[in-house]
Amino acid sequence: MKAPGLYGYTLAYLLFLYAPIALLPIFAFNDSVVIAFPLSGFTTSWFSAMWEDSSMWQALRNSMIVSGSTAILATVLGLFAARASTRHAFPGKAGIMGLIMLPLVLPEMIVAMSLLVALLAAGLDLSLWTVILGHVLICTPFAVAILTSAFQSLDRSLEEAALDLGETPVSTFRLVILPLVAPGIVASLLICFTVSLDEFIVAYFLAGTEPLLSVYIYGQFRFPSNVPAVMALGTVLVAVSVLLLAAAEYFRRRGIARTGGSAGGGFV
Amino acid sequence: MTDTPMIDLSDVQKYYGDYHALRGITATIRPGEFFSLLGPSGCGKTTLLRTIAGFEEISSGMIRIDGRDMAGVPANRRPTNMVFQSYAIFPHLSVAENVGFGLRRLGLDAAEKTRRIGTALEMVGLAGYGARAAHALSGGQRQRVALARALILKPKVLLLDEPLSALDKKMREQMQVELIKLQRQVGITFILVTHDQEEALVMSDRIAVMFEGEIAQLADPETLYRRPTSRRVAEFIGVMNFLPATIVSEGSGRAALEVQGLGRCEVDAPPGGVASDGGTTVGMRPETLTILYDGQAPTDRSADGTVDEVVYYGDMTYYDVRLDGTDRPVRISMRNVFGRPVLNIKARVRVGWSPGALVLFR
Ligand SMILES: Nc1ncnc2c1ncn2[C@@H]1O[C@H](COP(=O)(O)OP(=O)(O)O)[C@@H](O)[C@H]1O
Ligand SMILES: [Mg+2]
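Predicted model, so just to flag it, every value in this text is computed and none were measured.

Points about the packing of helix α3 (residues 54–87) of chain A against helix α8 (residues 169–198) of chain A
Residue and element names in this part refer to chain A.
Alright, step 1. At a minimum axis distance of 8 Å, the contact between α3 and α8 shows a crossing angle of 140°. By the criterion of interaxial angle, the relationship of α3 to α8 is oblique. Considering only the axes of α3 and α8, their crossing is right-handed. Two secondary-structure elements touch here, α3 through S63, M64, V66, S67, G68, T70, A71, I72, A74, T75, L79 and R83 and α8 through I177, I185, S188, L189, C192, F193, S196 and L197.
Alright, step 2. The class makeup of the residues in the contact of α3 with α8 is twelve nonpolar, seven polar and one charged.

This is the structure in structure tokens:
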């Protein structure tokens, strides 16, 4: 780093970005209902309060259903799209791939509103399934991006070699392609799960009467006495998210190394 | 040859969109032959190999393998196996699993599988390497694994796409010899794609020289080297000297010529005759010319000239000699003999030559 000014700027920037997250565990272990300095002592009671909250468990269960289904659906769709875009040329390819990736930059607000209008117009009841629908839309671009990089690092002649040795296209996919892109699939599942778990707007708009974890947490802020327990929950979520993202990156890199490429890009 | 051809290509055409990659390839490849496709990069060698393997559909024409029309037969049901340019070793499998990959569908018991894999590894000199991870192999070893994997199914035809181009020179020369031996041992028809003329000459029974999607000449290495039918083939394979000539008379397969620097002589005319207004070109290889030392009588004819350039190689010396009455030098390769000093630039020399070694181009 040549200029000390730039170094300082970088530091300040990172601090601004991540310091607030550090407040979560600090207040989660602080022995006071009031979220303010100075700290008043160490306690784990907020964690037990969180643990005993049955509505938290209900929201968590809902979120697991939504995020799990979303991860699987988005990854399967991503698999098809990534495969098509890396192996085949077809008319309108650039446009189609662009539209698939669009939700990445589309404001979630717009996705949520338009889906809500469409669902109501279609006469469908809001449920966990409608949230899954919205989340698949948001998560598929992540899956496509990760899986495209997995497919791109896959030498095409590996497939041809398997065909050449007598395997059918289907058994070639199972014996050669799938094992080699498996790390990418795991990475995609983990990322989609995390993105879905953290998502708020679509979850808030489309969930109906079933609260999801993100919506539940937002709701708790209306009751100041519940806030420290939410801090405890947030601390757990941060830890789990970091773990999942690290695992996803590990699998993504391992996949690229396995197929002989060099790791680059990615989200983390 | 009364055998049915192993591969019969008849007017094979291939278009990639508008691009005409194969322009009417017609050739037959004999059973047990070591056949090479030789040509500069981009001439369509790989494309032709891939159409035989079944990875590319042909636009028109016919490919028969062992008498059977291959139209509509996918790659996994053709009696061919391929060694890919990148070797395409499955990175998630061990060496033994790679080599035995093609056996999966044969329904063999484990003992028979192990035995066949062992035999295949032994054949390529990798006995005992079965348990190794594929990604831990050197370039030469990967190539051997690719060979063993392709040969284990005993295909009728083995297709090799520039299999030696990724190896260093020494390894390449060693593998050339090993491949020839292997081919004799297994007796399978080999089709080798290469852009290296030396490699093709060393290894092949016959060579098809390709330019821009067409076969320019198909012949055994010696004929190709000694009797190229076009200047382009002559230039692509080895070094060829060219001298302008005029045709004095032509008839019954012979032509009388007046060659610049060499004088009047009679040579074999190319089939179909020389369709020209009298002006033409003759070619001669550097080793068909000799520099005569003082007092040495020529075995056939001789011409005078001046040494223009001397390139010393230890065992050989290349001389560029400008024959009297010509404006461009010819290259002459001479074996260095004990007791005969290397000549200097500007030395006057007598060059021995023979009309029988001249090639007349259409
Ligand atoms: N899949 C393809 N699509 C379009 N053009 C191709 C394709 N494969 C090869 N070509 C073109 O066909 C020509 C011959 O290619 P190739 O057979 O690979 O040449 P070689 O192996 O002799 O170097 C090249 O000009 C190449 O660009
Ligand atoms: Mg090629």
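Still more ground to cover, so stick around.
Side note on the sheet that holds strand β19 (residues 348–353) of chain B
All names here are of chain B.
Alright, step 1. The strand order across the open sheet formed by five strands is β15-β19-β16-β17-β18, and the pairing between neighbours is antiparallel. The open sheet has two free edges, formed respectively by β15 (290–292) and β18 (330–335), since each of these has just one partner strand. Direction aside, the axes of adjacent strands within the sheet are offset by 50° on average.
Alright, step 2. Here strand β17 (residues 316–323) runs beside β18; their pairing, made up of six bridges, is antiparallel. If you follow Y319 over to β18, its bridge partner there is I332.

Here's the deal with the side chain of A:R87
Residues and elements named next belong to chain A.
Alright, step 1. Tracing the sequence through the fold places R87 in helix α3.
Alright, step 2. Engagement of the side chain of R87 in a polar contact is seen with the backbone oxygen of L154, the distance being 3.3 Å.
Alright, step 3. Apart from residues no more than four positions distant in its own chain, R87 is found in contact with F151, L154, D155, R156 and E159.

Some remarks on the site of ligand 1
All names here are of chain B.
Alright, step 1. Every residue near ligand 1 is listed here: Y16, Y19, P40, S41, G42, C43, G44, K45, T46 and T47.
Alright, step 2. Side-chain polar atom of Y19 to an oxygen atom of ligand 1: 3.2 Å apart, as the coordinates give it.
Alright, step 3. Between an oxygen atom of ligand 1 and a side-chain N or O atom of T47, the distance comes to 2.5 Å.
Alright, step 4. Look at ligand 1: alone it shows 560 Å² of surface, and the protein chains cover 60% of it.
Alright, step 5. A total of three residues in the shell around ligand 1 trace back to one element, the largest contributor, which is helix α1 (residues 45–53).
Alright, step 6. Of the residues in the shell around ligand 1, the class split is four nonpolar, five polar and one charged.

Re the interface of chain B and chain A
Often the size quoted for an interface is simply the accessible area lost on bringing the parts together.
Alright, step 1. Taken residue by residue, the interface counts 20 residues in chain B and 20 residues in chain A.
Alright, step 2. Surface buried jointly by chain B and chain A totals about 1800 Å² across both partners, of which 59% is contributed by carbon and sulfur atoms.
Alright, step 3. Taken as a group, B:N76, B:H92 and B:F101 account for 31% of the area that chain B buries against chain A, more than any other trio of residues on that side.
Alright, step 4. One salt bridge in this structure joins B:R50 and A:E160, with 2.7 Å as the shortest N-O distance.
Alright, step 5. Counting across the interface, chain B meets chain A through ten residue pairs in polar contact (both at pLDDT 80 or more).
Alright, step 6. It is strand β6 (residues 80–83) of chain B that contributes the most residues to the side of chain B that touches chain A, three residues altogether.

Considering the pattern of salt bridges
Opposite charge on two side chains permits them to pair, given that their charged atoms come into close proximity.
Alright, step 1. With the rule as written, the count across this model stands at 23 salt bridges over all chains.
Alright, step 2. Here A:E167 and B:R105 are joined by a salt bridge, their closest N and O atoms 2.9 Å apart. Placement of the pair is A:E167 in the loop between α7 (156–164) and α8 and B:R105 in the loop between α2 (95–99) and α3 (110–123), with the two residues belonging to separate chains.
Alright, step 3. With relative accessibility at 43%, the residue B:R105 sits in the partly exposed group.

A look at the environment of B:R105
Alright, step 1. Sequence spacing of B:R105 and B:R64 is 41 residues, and the spatial spacing of their C-alpha atoms is 25 Å.
Alright, step 2. When neighbours within four sequence positions are excluded, B:R105 is seen to be in contact with A:G166, A:E167, A:T168 and A:S171.
Alright, step 3. At a separation of 2.9 Å, a polar atom in the side chain of B:R105 contacts the side chain of A:E167.

Reading the values: the criteria
Residues numbered from 1 in each chain as written. Chains lettered and ligands numbered in written order. Predicted model: local features only at pLDDT ≥ 70, side-chain atom pairs only at ≥ 80, totals over all residues. Heavy atoms only, no water. Axes fitted to C-alpha atoms, helices over the stretch in contact; angles between N-to-C directions. Helix = DSSP H or I, 4+ residues; strand = E, 2+ residues; numbered from the N terminus. Parallel < 35°, antiparallel > 145°, perpendicular 65-115°, else oblique. Left-handed = near helix turned anticlockwise from the far one by under 90°. Contact = heavy atoms within 4.5 Å. Nonpolar A, V, L, I, M, F, W, Y, C, P; charged D, E, K, R; others polar. Pairing = 2+ DSSP bridges. Polar contact = N/O pair within 3.5 Å; in protein donor to acceptor, adjacent residues only side chain to side chain. Near = heavy atom within 4 Å. Areas by Shrake-Rupley, 256 points an atom, 1.4 Å probe, with all protein chains shown as cover. Buried area = accessible area lost by both parts, 1.4 Å probe. Salt bridge = Lys/Arg side-chain N within 4 Å of Asp/Glu carboxyl O. Buried < 20%, exposed > 50% of the residue type's maximum accessible area, 1.4 Å probe, protein only.

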